[in-house]
Every structure is written in C-alpha cells, then in structure tokens.
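Summary of structural features
Chain residues, written in single-letter form:
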Amino acid sequence: MSGASGWRSTFRAWRGRRPFLGGTLLTLGGAEILVTMKAPLPVILHIGMQGLAGYLLPTLMLVCGLLIVFNPTQRLFYSVIAVLLSLATWVTSNLGGFFVGLLLGVVGSCMTFGWLPDQEPRVSRRKRRKAARMAAEALQPSALPGEPA
C-alpha cells in the first residue's frame with residue numbers, strides 16, 4: 001500500500017467515526033461570521049457589549065465545531081449550544097455573516113445532532129434490488145434444457 005492511499009484510508013476511517021461534515025460546516029460558519037465582522041462594511045454599528053458579543057458568539061461557534069470533530073462523544077450538547085449561538089449571531093454579527101455563516105452554523109449543528117455513531121452503512125437501492133433478484137432466482141428451480149418450464 002502506498003503512502004498516499006494509506007493516509008487516505010486512515011483519514012476516511014477516522015472521519016467515519018465522528019460527525020465530520022456537521023462539525024466542519026459549523027466551523028466554517030463561525031469563521032465566515034468572524035471574517036465578515038472584520039470586513040470594512042459599516043452595515044451594523046457595534047458599540048459596547050454588542051460589539052463584544054459580535055466577536056464572542058462566532059468564536060464559540062468555531063470552538064464548538066472543532067470540539068464536535070475532535071470530541072464526538074459530547075456532540076449533542078455541543079450541537080444544541082452551537083445552534084443557539086448560530087441563531088444569536090443574527091442580532092449580533094452583521095445578520096449572521098450576511099446569512100451565510102448563520103445557515104452554515106444551523107445546518108452543521110442539525111447534521112451533528114442527527115448523526116448516529118454506530119449505524120450500519122447504507123446500502124444503495126440498486127444493490128438491494130440486485131440482492132433480492134439473486135435471492136428470488138436462487139429459490140426458483142432452474143429449468144433444464146429440453147424440459148418444459
């Protein structure tokens with residue numbers, strides 16, 4: 001096995017044991033909101049505690065996303081906190097990073113909340129049909145050549 005494919009299969013196995021996509025979306029949402037807070041667009045004036053909350057909430061979203069990826073055992077708690085933080089950025093952080101960060105945070109949190117750790121991999125419909133067809137053919141007696149069916 002070459003080095004690249006070995007690393008890739010190891011990463012794929014690691015990623016499969018945790019809500020990786022949900023945590024990644026949540027982290028990207030927090031990072032996007034932080035970037036829009038630094039943008040030179042004076043959309044919303046941040047003064048006092050609201051200015052602090054504008055930086056604190058997306059930072060906590062980012063931390064929750066990283067905790068979800070690296071500590072999946074507490075994913076339910078982190079995802080509930082993260083969805084509340086994401087919704088609170090609507091008020092404090094330029095309309096939740098102009099809706100993009102807000103949506104990424106909410107979708108990532110919901111995906112994390114719904115993730116099940118010990119679930120069997122899904123079998124495609126095509127493979128299920130093929131297995132059913134093979135089972136049906138195995139039950140039917142095969143007709144020999146020259147004999148009526």
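This section reports on the structure supplied with the text.

A short note on the side chain of Thr 112
If you trace the backbone, Thr 112 turns up in helix 6 (residues 100–114). Owing to a relative accessible area of 0%, Thr 112 belongs among the buried residues under this scheme. At 2.9 Å, the side chain of Thr 112 and the backbone oxygen of Gly 108 are in polar contact. Discounting chain neighbours no more than four positions away, the residues touching Thr 112 are Pro 19, Gly 22, Gly 23, Ile 68, Arg 75 and Ser 79.

Some thoughts on the packing of helix 2 (residues 20–38) against helix 6
Taken N-terminus to C-terminus, the directions of helix 2 and helix 6 make an angle of 160 degrees; their axes are 7 Å apart at the nearest point. What the angle tells us is that helix 2 and helix 6 run roughly antiparallel. At the point where helix 2 passes helix 6, the crossing takes the left-handed sense. Here helix 2 contributes Leu 21, Gly 22, Gly 23, Leu 25, Leu 26, Leu 28, Gly 29, Glu 32 and Ile 33 to the contact with helix 6, which in turn contributes Val 100, Gly 101, Leu 102, Leu 104, Gly 105, Val 107, Gly 108, Ser 109, Met 111 and Thr 112. Looking at side-chain class alone, the contact of helix 2 with helix 6 contains 10 nonpolar, 8 polar and 1 charged residues.

Remarks on helix 4 (residues 75–92)
Between its first and last C-alpha atoms helix 4 spans 25 Å; for 18 residues at 1.5 Å apiece the expected length is 26 Å, and the two agree. Every buried residue belonging to helix 4 is among Arg 75, Tyr 78, Ser 79, Ala 82, Leu 85, Ser 86, Thr 89 and Thr 92, and all of these are buried. One side of helix 4 holds all its buried residues, which, seen down the axis, span an arc of 140 degrees. Opposite its buried face, helix 4 presents the exposed residues Phe 77, Leu 84 and Val 91, each directed more than 90 degrees away. At the exit of helix 4 stands Asn 94, carrying a positive phi of roughly 50 degrees.

A closer look at the nonpolar core
Taken as a class, soluble globular proteins show a tendency for nonpolar side chains to be buried jointly. In this structure, Leu 26, Ile 33, Met 37, Leu 57, Met 61, Cys 64, Ile 68, Tyr 78, Ala 82 and Leu 85 together form the largest nonpolar core, which totals 10 residues. Counting residues per element, the ones that place at least two in this core are helix 2, helix 3 (49–70) and helix 4. At 4 residues, the largest contribution of residues to this core is made by helix 3. Not counting residues within four places of it along the chain, the set of residues in contact with Tyr 78 comprises Cys 64, Leu 67, Ile 68 and Asn 71.

Topic: a positive patch on the surface
On the surface, Arg 122, Arg 125, Arg 126, Arg 128, Arg 129, Lys 130 and Arg 133 cluster together into a positively charged patch. Examined against the element boundaries, Arg 129 turns out to sit in helix 7 (residues 125–139). Residue classification places Arg 129 among the exposed positions, given a relative accessible area of 52%.

Calculation rules
Residues numbered from 1 in each chain as written. Predicted model: local features only at pLDDT ≥ 70, side-chain atom pairs only at ≥ 80, totals over all residues. Heavy atoms only, no water. Helix = DSSP H or I, 4+ residues; strand = E, 2+ residues; numbered from the N terminus. Buried < 20%, exposed > 50% of the residue type's maximum accessible area, 1.4 Å probe, protein only. Polar contact = N/O pair within 3.5 Å; in protein donor to acceptor, adjacent residues only side chain to side chain. Contact = heavy atoms within 4.5 Å. Axes fitted to C-alpha atoms, helices over the stretch in contact; angles between N-to-C directions. Parallel < 35°, antiparallel > 145°, perpendicular 65-115°, else oblique. Left-handed = near helix turned anticlockwise from the far one by under 90°. Nonpolar A, V, L, I, M, F, W, Y, C, P; charged D, E, K, R; others polar. Expected span 1.5 Å × (residues − 1). Arc of directions from axis to C-beta. Core = buried A, V, L, I, M, F, W, Y, C linked by side-chain atoms within 4.5 Å. Patch = residues over 30% accessible without salt bridge, like charges linked within 9 Å, V, L, I, M, F, W, Y side chains within 5 Å. Areas by Shrake-Rupley, 256 points an atom, 1.4 Å probe, with all protein chains shown as cover. Salt bridge = Lys/Arg side-chain N within 4 Å of Asp/Glu carboxyl O. Lys, Arg positive; Asp, Glu negative; His and termini not counted. Charge placed at Lys NZ, Arg CZ, Asp CG, Glu CD.

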